[in-house]
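# Structural features, examined
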Amino acid sequence: MTTKILIIGSEGQVGTDLSSRLRDTYGKNNVICSDIRVADEKKLDAGPYIELNVLDKQRLAELFSTHKPSVIYHLAAMLSATAEKNPKLGWELNMDGMFNVFDAALEYNVQRMFWPSSIAVFGPGTPRENTPQDCVMDPNTIYGISKLAGERYCEYYFKRYGLDVRSVRYPGLIGWKALPGGGTTDYAVDIFHQAIKTNRYTCFLKGDTELPMMYMDDAIKATIDITEAPSDEVKIRSSYNLAGMSFDPELLASAIRKHIAGFEISYEIDQRQKIADSWPKSIDDSRARADWGWKNDYDLDAMVAEMLMRLSGMIAG
Ligand code: SER
């Protein structure tokens with residue numbers, strides 16, 4: 001039987017990269033994209049695209065019954081900084097959206113699904129260096145609280161109903177195809193755009209704020225690998241720690257300076273600093289490495305070289 005894949009939240013930062021990768025592998029008609037964003041010619045040309053608000057259960061049911069997906073990637077969520085501005089809506093979108101998709105997946109016999117968690121599940125009580133898989137988790141953002149609750153639901157749905165859902169805790173993600181929307185780690189993408197355009201960047205986090213980060217190609221590889229891994233290799237049914245690299249804005253700026261002489265960074269700290277200060281600096285992802293063979297390809301220098309090369313072409317072209 002052909003694998004029929006549904007991506008919910010296909011137009012976001014992860015969805016944009018994931019959908020093109022999956023369409024290359026499985027053929028464009030076997031990957032149904034859906035997002036709250038309006039359908040336009042560009043989206044429809046790329047393959048099947050459906051406008052969907054995950055809070056609309058009826059539309060979700062229609063989508064499942066029409067397309068009968070066997071694999072789902074449910075990526076629609078509100079990120080940390082945006083959810084702090086509207087906590088009720090953040091909770092509703094992240095939690096009710098998840099329930100709706102999980103219930104539809106059960107009802108329509110989906111074979112397996114992916115749901116992303118985040119480093120935001122950790123909090124001030126968590127050990128910040130090399131954060132272990134299991135430790136104190138006391139998130140203090142609505143995004144982090146919804147992700148931690150979501151992880152517990154993943155395990156619960158797997159154990160109680162047999163829904164084969166897999167998950168990783170994404171670090172801050174850095175890619176050139178799409179911009180992130182409303183996260184605390186967004187600076188690490190924006191800095192490249194500004195470096196190419198103006199040779200300077202004003203950062204909203206302090207220079208020594210170290211956070212776990214990952215190049216998008218690695219994140220897409222982890223996402224597809226865990227979703228396609230044999231079920232018995234996925235031993236953690238809440239969510240796996242995942243690591244690529246760790247750096248702070250000062251270190252990132254010096255890595256950029258190796259390519260763009262005279263690049264300047266300055267600082268205007270805002271409320272996102274408080275969120276970043278509650279998150280780990282680095283992550284121990286040994287369980288993902290041992291259980292389903294996770295391995296990152298990009299370190300800081302490789303990521304910076306690739307980002308500058310790709311974005312220079314796009315911005316100049
Ligand atoms: N990148 C996300 C954020 O900053 C964390 O998962 O909200």
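Please refer to the structure placed before this passage.
What comes next concerns the included structure. The model shown is predicted, which means the values in this text are computed figures rather than measured ones.

## Quick notes on the site of the ligand
Surveying the vicinity of the ligand reveals the residues Leu79, Ser80, Ser118, Tyr143, Gly183, Thr184, Thr185 and Trp279. Contacts to the ligand include Ser118, whose side-chain N or O atom sits 2.6 Å from an oxygen atom. Interatomic distance of 3.3 Å between a side-chain N/O atom of Tyr143 and an oxygen atom of the ligand. Burial of the ligand by the protein chains amounts to 94% of its free accessible area of 240 Å².

## Concerning the sheet that holds strand E2 (residues 31-35)
If you trace the six strands from one edge of the open sheet to the other, you get E3-E2-E1-E4-E5-E7, paired in parallel fashion. Sheet topology places strand E3 (49-51) and strand E7 (165-166) at the edges, where each strand pairs with a single neighbour. Of the strand pairs in this sheet, strand E5 (residues 112-114) and E7 are connected by two bridges, and their pairing is parallel. Each residue of the ladder has a partner; that of Met113, found in E7, is Val165. Against the sheet, helix H5 (residues 87-107) engages strand E1 (5-8), strand E4 (71-74), E5 and E7, with an angle of about 180° to E4.

## What to know about empty space enclosed by the protein
All chains considered together, the criterion is met by one cavity of 30 Å³ or more. Of the voids in this model, the largest cavity is the one considered here, and its volume is about 60 Å³. As for the largest cavity, its lining consists of His74, Ala76, Ala77, Asn94, Met95, Trp115, Pro116, Ser146 and Lys147. The set of elements that each furnish at least two residues to the lining of the largest cavity consists of H5 and helix H6 (142-161). Considered class by class, the residues forming the lining of the largest cavity number five nonpolar, three polar and one charged.

## Digging into helix H8 (residues 216-228)
Since one α-helical turn is 3.6 residues long, residues separated by three or four positions face the same way. Here H8 contains 13 residues, and its C-alpha end-to-end distance of 18 Å stays within 8% of the 18 Å for a straight helix at 1.5 Å per residue. Among the residues of H8, Met216, Asp218, Ala219, Ile220, Ala222, Thr223, Ile224, Ile226 and Thr227 are the ones counted as buried.

## Looking at the sheet that holds strand E12 (residues 240-241)
Hydrogen bonds between backbone atoms are what pair the strands of a sheet, whose relative direction is either parallel or antiparallel. Here three strands make up an open sheet; going across it, the order is E6-E8-E12 and the pairing parallel. Two strands bound the open sheet, and with one partner strand each, they are strand E6 (117-118) and E12. Two elements, E6 and strand E8 (residues 168-170), share two bridges in a ladder whose sense is parallel. Bridge assignment links Ser117 to a residue of E8, and that residue is Arg169.

## Some details on the pairing of strand E11 (residues 211-215)
With five of five residues buried, E11 is to be regarded as a mostly interior element. Covered by surrounding structure in E11 are Leu211, Met213 and Tyr215 together with Pro212 and Met214, the residues of both alternating faces. The pairing of strand E9 (residues 172-174) with E11 spans three bridges and is classified as parallel. Considered in E11, the bridge of Gly172 is made with Met213.

## So, the side chain of Asn241
Following the sequence through the fold, Asn241 ends up in strand E12. Among the residues examined, Asn241 registers a relative accessible area of 1% and is labelled buried. Within the local environment of Asn241, its side chain forms a polar contact with the backbone oxygen of Pro132, the two atoms lying 3.2 Å apart.

## Examining the pattern of salt bridges
For the coordinates displayed, the defined rule picks out 16 salt bridges. Two residues, Asp291 and Arg287, come together in a salt bridge whose shortest N-O distance is 3.2 Å. Here the residue Asp291 and the residue Arg287 both occupy positions in helix H11 (residues 286-292), the gap between them amounting to four residues, near one helical turn. The structure contains a network of salt bridges with shared partners spanning Arg152, Glu155 and Lys159.

## Here we look at the state of the cysteines
Per the counting criterion, the structure on display carries zero disulfides. Free cysteine: Cys154, not disulfide-bonded; nearest cysteine sulfur from Cys135 at 18 Å. Accessibility expressed as a relative area gives 0% for Cys154, which makes it buried.

## A few points about the packing of aromatic side chains
Across all of its chains, the model carries 14 aromatic pairs by this definition. Considering the side-chain rings of Phe64 and Tyr108, the 5.9 Å spacing of their centres and the 40° angle between planes classify their relative orientation as tilted. With Phe64 in helix H3 (residues 57-67) and Tyr108 in the loop between H5 and E5, this pair connects stretches of sequence that are 44 residues apart. Phe64 sits in the buried class, given a relative accessible area of 0%. Taking relative accessible area as the criterion, Tyr108 reaches 28% and is therefore assigned partly exposed. Arranged with centres 6.4 Å apart and planes meeting at 55°, the rings of Tyr156 and Tyr157 form a pair that is tilted. An aromatic cluster of three or more residues is present, and its members are Phe99, Phe102, Tyr153, Tyr156, Tyr157 and Tyr161. Sitting over the face of the ring of Phe204, Arg272 holds its NZ or CZ atom 3.4 Å from the ring centroid.

Rules of the game
- Residue numbering note: each chain is counted from 1, following its sequence as written.
- Residue-level local features of this predicted model are given only where pLDDT is at least 70; pairs of side-chain atoms are given and counted only at 80 or more, and the full residue set underlies all totals for whole chains, interfaces and linings.
- To obtain the side-chain values, all non-hydrogen atoms of the structure were included, while hydrogens and water were left out.
- Any residue with a non-hydrogen atom lying within 4 Å of a molecule or strand is treated as near it.
- Here a polar contact is taken to be a pair of N or O atoms separated by no more than 3.5 Å, where protein atoms must pair a possible hydrogen donor with a possible acceptor and residues adjacent in sequence count only if both atoms sit in side chains.
- Only the protein chains shown count as cover for residues, with accessible areas throughout obtained via the Shrake-Rupley method and a probe of 1.4 Å.
- Two strands make a pair as long as DSSP finds a minimum of two bridges between them.
- Note on conventions: DSSP H or I runs of at least 4 residues are helices, E runs of at least 2 residues are strands, and numbering of each starts at the N terminus.
- The contact criterion used is simple: two residues touch if any of their non-hydrogen atoms lie within 4.5 Å.
- Here an axis means a line fitted to C-alpha atoms, over the contact stretch when the element is a helix, while the angle between two N-to-C directions is reported on a 0 to 180 degree scale.
- Of the grid points, spaced at 1 Å and generated over the protein atoms alone, those admitting a 1.4 Å probe that cannot get out make up cavities, while open sets with protein on both sides within 12 Å along at least five of seven lines make up pockets; any residue with an atom within 4 Å of a point is treated as lining.
- Grid points are joined across faces, edges and corners, and a volume is the space filled by probe spheres set on the points.
- Lys, Arg, Asp and Glu make up the charged group, whereas Ala, Val, Leu, Ile, Met, Phe, Trp, Tyr, Cys and Pro make up the nonpolar group; the residues left over, Gly among them, are polar.
- Between the first and last residue of a helix there are one fewer steps than residues, each counted as 1.5 Å, and that sum is the expected span.
- The cut-offs for exposure are 20% and 50% of the maximum accessible area for each residue type, with area from a 1.4 Å probe on protein chains only; residues under the lower value are buried, those over the upper are exposed, and the others partly exposed.
- Any Lys or Arg side-chain nitrogen found within 4 Å of a carboxyl oxygen on Asp or Glu counts as a salt bridge.
- By disulfide we mean two sulfur atoms from cysteines, separated by a distance within 2.5 Å.
- Stacked, edge-to-face and tilted labels apply to pairs of Phe, Tyr and Trp rings (six-membered ring for Trp) whose centres lie within 6.5 Å, assigned for plane angles under 30 degrees, over 60, and everything in between, in that order.
- The criterion for a charge sitting over a ring is simple: Lys NZ or Arg CZ within 6 Å of the ring centre, and within 35 degrees of the ring normal.

In short, shape yes, function no, at least from these values alone.
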